[in-house]
Each structure stands twice: as structure tokens, then as C-alpha cells.
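Fold and geometry: a report
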Amino acid sequence: MEKGDPSSSSSPNDQYCAISSPPPSSGHERKAGGWRSIKYILGNESFEKLASMSLIGNITVYLSMQYNLSGVFLVTVVNVWSGFSNVSSLAGAFVSDAYLGKFYTLLCGTIASLLMGIITLTAGINAFRPSHCDPESTIECPKALDWQLGILFTGLGLLSIGAGGIRPCNIAFGADQFDTRTAKGKAQMESFFNWWYFCFTFALILALTAVVYIQTSVSWTLGFAIPTICLFFSISIFLLGRHTYINVTPQGSVFTDILKVIAAAFRKRRRIVGPIETDDNSFYDPPLTAGVSELKLPRTERFKFFDKAAIITNPDELDNEGRPKNEWRLCSVQQVEQLKCLLAVLPVGVSVIGAFMTMDQNNTFGVLQAMQMDRRIGPHFLFPPGWMTIVSMVALSIWIYIYEMIYIPRTKKMTGKEKRLSMRQRIIIGIVMSILAMVVSGIVERQRRSAATKQGTFISPTTIFFLFPQFCLSGLTEAFAAVAIMEFLTMQLSENMRTVAGAIFFLCLSIASYIGSAIVNVIHSITEKTCKSPWLGNHDLNKNKLDYYYFIIAGLATLNLVYFSFFATHYVVSKPERETKDDGFASSHSSHDSEFKRVLDEERGLTIHEHK
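Residues numbered from 1 in each chain as written. Predicted model: local features only at pLDDT ≥ 70, side-chain atom pairs only at ≥ 80, totals over all residues. Heavy atoms only, no water.

Word for word, the UniProt comment on the protein under Sequence similarities (unreviewed entry) is "Belongs to the major facilitator superfamily. Proton-dependent oligopeptide transporter (POT/PTR) (TC 2.A.17) family." In its Subcellular location (unreviewed entry) section, UniProt records this for the protein: "Membrane". (UniProt positions renumbered as here; feature names shortened; annotations may be inferred.)

1. Quick word on the side chain of Asn 542
Residue position: Asn 542 is located in the loop between helix 15 (498-530) and helix 16 (546-566). Within polar-contact distance, the side chain of Asn 542 engages the backbone oxygen of Thr 457 at 3.2 Å. Residues in contact with Asn 542, not counting those within four places in the same chain, are Gln 372, Arg 448, Arg 449, Ala 452, Thr 457 and Phe 458. (Helix = DSSP H or I, 4+ residues; strand = E, 2+ residues; numbered from the N terminus. Polar contact = N/O pair within 3.5 Å; in protein donor to acceptor, adjacent residues only side chain to side chain. Contact = heavy atoms within 4.5 Å.)

2. As for the packing of helix 11 (residues 346-371) against helix 16
In contact at an axis separation of 9 Å, helix 11 and helix 16 are set at 165° when each is read in the N-to-C sense. On the basis of their axis angle, the class for helix 11 and helix 16 is roughly antiparallel. The hand of the helix 11/helix 16 crossing is left-handed. Each of Pro 347, Val 348, Val 350, Ser 351, Gly 354, Ala 355, Met 357, Thr 358, Gln 361, Phe 365, Gly 366 and Gln 369 in helix 11 lies in contact with helix 16, whose residues at this interface are Leu 546, Tyr 549, Tyr 550, Ile 553, Leu 556, Ala 557, Asn 560, Tyr 563 and Phe 564. Here the residues of the contact of helix 11 with helix 16 are counted per class, giving 14 nonpolar, 7 polar and no charged. (Axes fitted to C-alpha atoms, helices over the stretch in contact; angles between N-to-C directions. Parallel < 35°, antiparallel > 145°, perpendicular 65-115°, else oblique. Left-handed = near helix turned anticlockwise from the far one by under 90°. Nonpolar A, V, L, I, M, F, W, Y, C, P; charged D, E, K, R; others polar.)

3. Remarks on the environment of Asn 538
Among the structural elements, Asn 538 can be located in the loop between helix 15 and helix 16. Placed 468 residues apart in sequence, Asn 538 and Ser 70 show a C-alpha to C-alpha distance of 7.3 Å. Contact partners of Asn 538, with chain neighbours within four places excluded, come to Gly 71, Ser 533, Lys 543 and Asn 544.

4. Remarks on the packing of aromatic side chains
Scanning the entire structure with this criterion turns up 29 aromatic pairs. Ring centres 6.0 Å apart and planes at 65° place the aromatic pair Phe 173 and Phe 238 in the edge-to-face group. Within this pair, whereas Phe 173 is found in helix 6 (residues 170-176), its partner Phe 238 is found in helix 8 (residues 220-240), the two being separated by 65 residues in sequence. By relative accessible area, which is 2% here, Phe 238 ends up buried. Taken together, a centroid distance of 5.1 Å and an interplanar angle of 70° make the contact between Trp 535 and Tyr 548 edge-to-face. Here Trp 535 is found in the loop between helix 15 and helix 16, whereas its partner Tyr 548 is found in helix 16, with 13 residues between them in sequence. A connected cluster of aromatic rings, assembled from ring pairs, spans Tyr 213, Phe 381, Phe 383, Trp 387, Phe 465 and Phe 468. (Phe/Tyr/Trp six-rings, centres within 6.5 Å; stacked < 30°, edge-to-face > 60°. Buried < 20%, exposed > 50% of the residue type's maximum accessible area, 1.4 Å probe, protein only.)

5. Structural notes on the packing of helix 13 (residues 423-455) against helix 16
As a packed pair, helix 13 and helix 16 sit with axes 8 Å apart at the nearest point and diverge in direction by 165°. Classified by the angle between their axes, helix 13 and helix 16 sit roughly antiparallel to one another. In the crossing of helix 13 with helix 16, the sense of the turn from one axis to the other is left-handed. For the contact of helix 13 with helix 16, the class distribution of residues is 17 nonpolar, 5 polar and 5 charged.

6. Regarding the environment of Thr 120
Tracing the backbone shows Thr 120 in helix 4 (residues 117-124). Taking relative accessible area as the criterion, Thr 120 reaches 12% and is therefore assigned buried. Separated by 32 residues in sequence, Thr 120 and Leu 152 place their C-alpha atoms 9.7 Å apart. Excluding residues that lie within four positions of it along the chain, Thr 120 makes contacts with Thr 221, Phe 224, Ala 225 and Thr 228. A polar contact is formed between the side chain of Thr 120 and the side chain of Thr 228, at a distance of 3.1 Å.

7. Some thoughts on unusual backbone geometry
A positive phi angle is found at Asn 68, which is not glycine, with a value near 60°. Relative to the helices and strands, Asn 68 is located in the loop between helix 2 (59-66) and helix 3 (71-114). Even without being a glycine, Phe 303 presents a positive backbone phi close to 45°. For Phe 303, the position within the fold is in the loop between helix 9 (254-267) and helix 10 (333-344). The exposure class of Phe 303 is partly exposed, given its relative accessible area of 28%.

8. Some points on the pattern of salt bridges
Enumeration over the complete set of coordinates arrives at 13 salt bridges. Linking Lys 268 and Glu 317 is a salt bridge whose minimum nitrogen-to-oxygen distance equals 3.2 Å. Of this pair, Lys 268 sits in the loop between helix 9 and helix 10 while Glu 317 is found in the loop between helix 9 and helix 10, placing the two residues 49 residues apart along the sequence. The burial state of Lys 268 is the same as that of Glu 317; both residues are buried. Among the ionic pairs, Glu 337 bridges to Lys 340, the shortest N-O distance being 3.0 Å. Placement of the pair is Glu 337 and Lys 340 together in helix 10, with a separation of 3 residues, close to one helical turn. Comparing Glu 337 with Lys 340 shows no difference in burial state: the two are buried. (Salt bridge = Lys/Arg side-chain N within 4 Å of Asp/Glu carboxyl O.)

9. Some points on the confidence of the model for the protein
Averaged over all residues, the pLDDT of the protein is 78; the fraction at 70 or higher stands at 83%. Across residues 1-16, confidence stays below pLDDT 50; counting only partners more than four residues off in sequence or on other chains, it has 48 contacts. Contacts of residues 574-612 to residues separated by more than four positions or lying in other chains number 131 contacts, the stretch itself having pLDDT below 50. (pLDDT = per-residue confidence, 0-100.)

In C-alpha cells, the structure reads:
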């Protein structure tokens, strides 16, 4: 633990989060669950996603058609609910790591989602909803009563709580079933991610086609009963495999460790921390507990204020066994470095929030546009507005296929080695796609409204196919920016922070939803006072100025591109900066603000996470 101990120090260039792989497993250790467990986990995931996505994909249409919600209030409800569903992932990650473990957190989350049967009741019992209203009528539609909205929001809230338990744990629980300390385990986990993505995509397409069609064109009651039944099957399959799972015992939440580090560093704020080579302080840096698979992190130069939390100011701070008497006054170097890793991802997370915000627009206003366009395909079929999300998913899937099956093999054949787009390049491309998506959305909306105004009808004669480009661009934004940031978080944070990485990803989505909702309300408030007609306040989009709103969002996305290109990009490693280390780990050091960038090698990181 003294400064001279090799385990407690590192060179200034060792600015990365992981330097060595976990020790190889011994023969007496319990074997991982493997594929015997994964089949149950994939079954649970497939039915859960089929249920949740069939509701998420059509919630805007349901609230508009059955609850007569419109304009700013409708967008606010959807954004706040979406944001709460994502931010609850932080609570789910904390409960999983500190108390319940991933198995019980997933089980409780799925049970909470099953209670979405309340929403099925709102569709089946007329008294739970306001009277039906013709959207083309000039008469103001009856508003939902407070108690009716209370029942609806209770159902949506339970779904959000369920999402908080499921989202940060589902992939992490599957990864726990493989022993990644062996070559066989690594290959199995890579295959698991491929099958996870396949099941997710299949469930999503089925939800956004068959179930959404039943909801819109057959019966909302039947359309919501199907997801409820799917959640019942999800729980049943998950429990069938309970004897095959590897359940990692909760080791305590990283969030608690973060608070301890902050508190300890503040108490010792007057201590001076020097460069690693000359610092004469003694740091508490014990070896990791035997059998723990997380990686040992060295002390680094960045965010040096928090190093004070690990300084041993008095031998009496340690008990007879060499452990801290008060963990809120003395923390380990490992705990300090985990906080540093978390802080290092924030600049990139801020820029991705901007990209996510543009994606939210099509889930709300894009669907409302579709509801007031010519949706006829042939003489008898109407294209359901909720199907528009499929366009984004198809664009995402096509790009991944082209990238993995055509681009990479061709470049490998031409150059002799596998060439992939760097993480930095993909995030920049994703942000550019988000700008284009908003610009195209504004142009299409102007054309849609102009055609409807000339004809004097509620439904514009403009075909719904004009919306396809903006939804395709939204899908490409997700394919580049969202996948890259998921990979970035997974590689930047240590393995024991898997649930935290997932929680941060969904927190970014949540913040994007809340910011988008705030912008909508601010614009509505300003234009209501300064313009003859508010830009976003009317139930009839033909009376709004939605195209102006889209152009404002495009302007904000452009500022986001400038921010990322000139600041946040310095926190992302490019492929030429990588230096491969033992067992598939890589590291690099950037001189910008003494920040580090650490990446896994392509076999461990990129190949797996591109398929997520």
C-alpha cells in the first residue's frame, strides 16, 4: 500500500482503465451457465421486447385517438414517460448491484411490466377513456378526466419501473453466463450478442407490424392483450431456467462507491497530491479479492483531486486486517479510478444526447405527421402510422448488413487487414445524419401542410412515403451514433460496471427526452404570446408551424456537431491511436487535458458490440 509498492503506482502514461485480464479460471470453480441458460434468457428477452415495443411504437397514436390528447401536452406526456423509463435504469442498476442481483432485478422488472394489463383495461372499458372524437371535426374534443388520466399514467408508470429493472440487466445477465477468461467463453459471448440482436430485431419487427396493425385496424383491446400475454410467457420462460443460471452475488453498488470517494476526497481536500513519480503520500491500494473477475485499475494522473480519497493520512485509519475502519473517509485506488472512468465518458455523453433528441422527434411529431397524410396502399389497405418506426429499423439493419458483410470483407480483401470505421468517425456521421433528418423533416412538413391547405382538408394528399427519408436518416443516426456510444461506454468502463454502462446509455436517452419536452414547451409558450397562432399548440398540424420547429432542432444539432468535433472528440480513441496489449486489451494516451482513452481490441470489443 506504500508508494514504493508496484501495485499502488503506475507511470504517467498508464492512463487507461484496465491493464490486465482476470486470472484464468481454476478447475474447481463453478462453470458458467453457457448455452443451457442462454436459451431461457433469449426467450425471456424476445417476449419482453415484443410486449414493450408494441406499446412504445404505437403509444402516440393510442393517446391521440383514444384519449384525445394533442399538441404540446401529447408530446410532453410521451417524452416524460420515455424519459422516466430510461432514467429508472439507474435505479435498476443500483438495486441489482447492491441488493437483489441481476436475476431478481430482471424478475421484478418483468412482473412490473406484466401489470401493464391496466393499460389493456383502459382500452377495453369505455368508462376509463373520454368519449370518442372525430379528429377532423371542428368541435373541440372532450378532454380526459383526471381519474382517467390517473389510471393511464399508473399503467405507464409500471411499465417504466419494469423497464428500469430490465434494461440495465438483460444483456449483462446473459454475459454473466459465460466465462470470458477463456477463449471458448469469449467466442460464446460473441455468439450470444449476435443471437441477442437477432431475437431483438425479430421481436421488434413482429411488434411493429402484426401487433401494431391489430391495435390500429382491428382492436385496441386485443392489441394490448397480446403484449400482456407475451409478458406472462416471458416470466414463465425465465423461471423455467432458474436452476441453470449463474447468479453473480451483488458486490455493492458502484454508485455507493462513487459517493464514498467524493465524501472522502472532500474531507481530505487540503491534502496535496503530486505527480505519481514524486508523490510521497501513501495510498490504500489492496489487491482485489480472490475470485473477483473485475480488472485491477492503476492510479492515473487525471482528476487528481479524487486521489485524496485514497491517501492514508493516519495508520489508525486501518484496522488490524489492513482494511479501512470508515469507508467514507478512506477509499481504495480501485474505487477512485472507477469514478475517474465514469467522469471521462461525460463529454461524449453530452454530445450523444443531442443526437438522441433528434431521434425522439420522429417518434412523436413524425407519427403525428403520418396520421395526417395519405396512407393508402392499394384500394383497401391503410399504412398504420405506428409502422413508421419499422422504416428506421430497416435502415439500421440494412446499414449493419452492408457494413459487416460487404464493406469490411471488401476492405480486408483489398488491404489484407480488417478496416473498420473508428468510433469517432461513426459518432460524427451519426450527428450529421441527425441534422439531415431534421432538415428533411422540415421540408417534408412544409410540403405536407401546403398540400393540405390548398385542398382544404384535414388529411393531406401528400403520400406517406414522403416521410420515409426522414425516418431512414433517423435509423442511420441510431446505427452510427447510438451503437458507437454503447460500444464506447462498454469499453471505457471496467467489466464490473456493465450495468452502469447500460444505465448511463439509457440516462442519455432520458435526458434527451426531457430536453426535447422542455424545448417544445418553451417554443409553444413563446409563439403563443408573439405569433398569431402558436407553432405547436393545435390538434390539427395544418394550423401549426412544425417545419419551423424542425429547423430549430436542426440548428441545435449543428451546434452539437461543432461541440463534438472541437471538444468531445478528444475523449474518443481513433483506431490509429490503439496499442494492443495482452489478452486482447488495448490502451492509448492523449495529451489533451491529460485525458486517457482506453479501448478493447477488435476481437473483444468492436466485433461484439457492432452486433448489439
